[in-house]
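# Coordinate analysis (summary)
For reference, the chains in residue letters:
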Amino acid sequence: MMGFIWFWLVAVMIVGYVVLDGFDLGVGVLHLFLARNEQERATTLRSIGPVWDGNEVWLLAGGGTLYFAFPLLYASAFSGFYLPLMIVLWLLMLRGISLELRNHIDVGVWRALLDGVFGISSALLTIFFGAALANVIRGVPLQASGYFFLPLWTNWTPGPAPGILDWYTVIGGLVALLALTLHGALWLILKTEGELEQRARGLVKPLWSALLALTVVSLIATIAVRPTGLDNYNHYPFTYVVPVGVVASLALILVWTRKGAALKAFLASCMYLFFMLAGACWALYPTLLPATTGAANNITLERAISGPHALAVGLAWWLVGMALAVSYVVFVYSRFRGKVDASAPGH
């Protein structure tokens, strides 16, 4: 029972990060071409300025929770995914540095460079996060010791010895790029006004159409790569509410955007991300990291879980920490609710 609880607690932390930092990343992708002048670029950054660094704390919290609850998974994944993790760390640093420095350097050429770094690093992060999830779903070449190594690519085909990038993980990266860019566009509709808001609104339909098509493609590809992913759904048919939720949230994004209900459309995007990630977690459970070298090498809940006493004590402290974190999120988002004032001081 404790393993089941901690599995979903870690999943909640990951979902929280994707939903909260997802629109930051989406705004970063849109920052390069949606804003037409310095005032509009400043407005897009002000829309995420008070919250972006707090949102990224959820990534650290998720990693810490994973380390505490499933140390074997943490050790195996962080060693096997060493190369992409280093790339992700550099992208996170470049994104944070560029976002902060552009507010202190009033030189056009430097601001243009920092804007480019911010936009490109945001786009690459969305792709790498999507590809990372696809790697977990597809499986990795785990050895009996729990060690594995992944090159950046091999023959671009899922198999016993895959690379980080193949046709399936590229699909996962593109789904993440489209989903989080749409998430960012809906955030800008919610937080900005005037021509910038209208241009963001105009992007919703093409992004939504592309995301709908890729969502269907990714579902078919996932079933082809991991047919056992449907086992939990077939054993517990009521959990098919998850794919129904994916379809419903996608439909509501478009309906509420057309009706001008910006907050509802943004919340529908949050629900889409929630159902997509929850569906992936349920398809894997109780496997935490599948092995392409045979099911005997899978890292499962039973193999990876910490001791019962540690989990019981940790659960109490996790509840306290989460109460503080949620209170902070509620305070910050309520404090900075409403449209962005581009003429206000600060960032």
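Below, the structure is looked at part by part. Starting from 1, residues in each chain are numbered consecutively following that chain's sequence as written. Residue-level local features of this predicted model are given only where pLDDT is at least 70; pairs of side-chain atoms are given and counted only at 80 or more, and the full residue set underlies all totals for whole chains, interfaces and linings. The side-chain figures draw on all heavy atoms in the structure; neither hydrogens nor water molecules are used.

One water molecule sets the probe size; rolling that probe over the atoms shows where empty space is left. Put simply, the grid is 1 Å and covers the protein atoms alone, a cavity is a trapped set of points that fit a 1.4 Å probe, a pocket is an open set with protein on both sides within 12 Å along at least five of seven lines, and lining residues have an atom within 4 Å of a point. Grid points are joined across faces, edges and corners, and a volume is the space filled by probe spheres set on the points. Inspection of the entire model under this criterion finds two cavities of 30 Å³ or more. In this structure, the largest cavity occupies an estimated 50 Å³ of space. Around the largest cavity sit Leu 20, Pro 50, Val 51, Gly 54, Asn 55, Trp 58, Tyr 328, Val 329, Val 332 and Tyr 333, which together line it. The helix count covers DSSP runs of H or I at least four residues long, the strand count covers runs of E at least two residues long, and both are numbered beginning at the N terminus. Going through the elements one at a time, α3 (52–69) and α13 (308–335) are the ones with two or more residues in the lining of the largest cavity. Ten residue types, Ala, Val, Leu, Ile, Met, Phe, Trp, Tyr, Cys and Pro, are classed as nonpolar, four, Asp, Glu, Lys and Arg, as charged, and the remainder, Gly among them, as polar. Residues that form the lining of the largest cavity fall into these classes: eight nonpolar, two polar and no charged.

Another point: helix α10 (residues 241–258). Expected helix span is computed as 1.5 Å times (number of residues minus one). With 18 residues, α10 should reach 26 Å at 1.5 Å per residue; the first-to-last C-alpha distance of 25 Å fits that figure. Phi for Gly 260, located one or two positions after α10, is positive at around 80°.

This next bit is on α3. With 18 residues, α3 extends 27 Å between its outermost C-alpha atoms, agreeing within 8% with the 26 Å of an ideal straight helix rising 1.5 Å per residue. Burial status follows relative accessibility: with a 1.4 Å probe on protein chains alone, a residue under 20% of its type maximum counts as buried, one over 50% as exposed, and anything between as partly exposed. Regarding α3, the residues found buried are Trp 52, Gly 54, Asn 55, Glu 56, Trp 58, Gly 62, Gly 63, Thr 65, Leu 66 and Ala 69. Contact between two residues is taken to exist if any of their heavy atoms lie within 4.5 Å; hydrogens are not considered. Against α1 (2–31), α2 (38–48), α4 (71–80), α5 (82–101), α12 (301–304) and α13 lie the buried residues of α3.

A separate point is the packing of aromatic side chains. Here a pair means two rings of Phe, Tyr or Trp (six-membered ring of Trp) with centres within 6.5 Å. Their orientation is stacked below 30 degrees between planes, edge-to-face above 60, and tilted elsewhere. This structure, assessed with the given rule, holds 21 aromatic pairs. A centroid spacing of 6.1 Å and a plane angle of 25° characterise the contact between Trp 153 and Trp 156, whose relative ring orientation is stacked. Ring-pair connections join several aromatic residues into one group, and the members of that group are Phe 4, Phe 7, Trp 8, Tyr 236, Phe 238, Trp 282 and Tyr 285. Whether a charge sits over a ring comes down to the Lys NZ or Arg CZ being within 6 Å of the ring centre and within 35 degrees of the ring normal. Geometry around Phe 336 places Arg 335 over its ring, the cationic atom sitting 5.5 Å from the centre.

Time to look at the pattern of salt bridges. Think of a salt bridge as a Lys or Arg side-chain nitrogen and an Asp or Glu carboxyl oxygen that are within 4 Å of each other. Going through the model one piece at a time under the given rule, you end up with eleven salt bridges. Asp 166 is the salt-bridge partner of Arg 138, the closest N and O atoms lying 2.6 Å from each other. Highlighted residues: Arg 138 in helix α6 (residues 108–138) and Asp 166 in the loop between α6 and α7 (167–191), separated in sequence by 28 residues. With relative accessibility at 3%, the residue Arg 138 sits in the buried group. Beyond isolated ion pairs, a larger network of salt bridges with shared partners links Glu 38, Arg 41, Arg 102, Arg 111 and Asp 115.

Turning our attention to the environment of Thr 215. The residue Thr 215 is located in helix α8 (residues 195–225) in this model. As a C-alpha pair, Thr 215 and Met 276 span 61 residues in sequence and 9.2 Å in three-dimensional space. For Thr 215, the residues in contact, after removing those within four places along its chain, are Val 246, Leu 250, Tyr 272 and Met 276.

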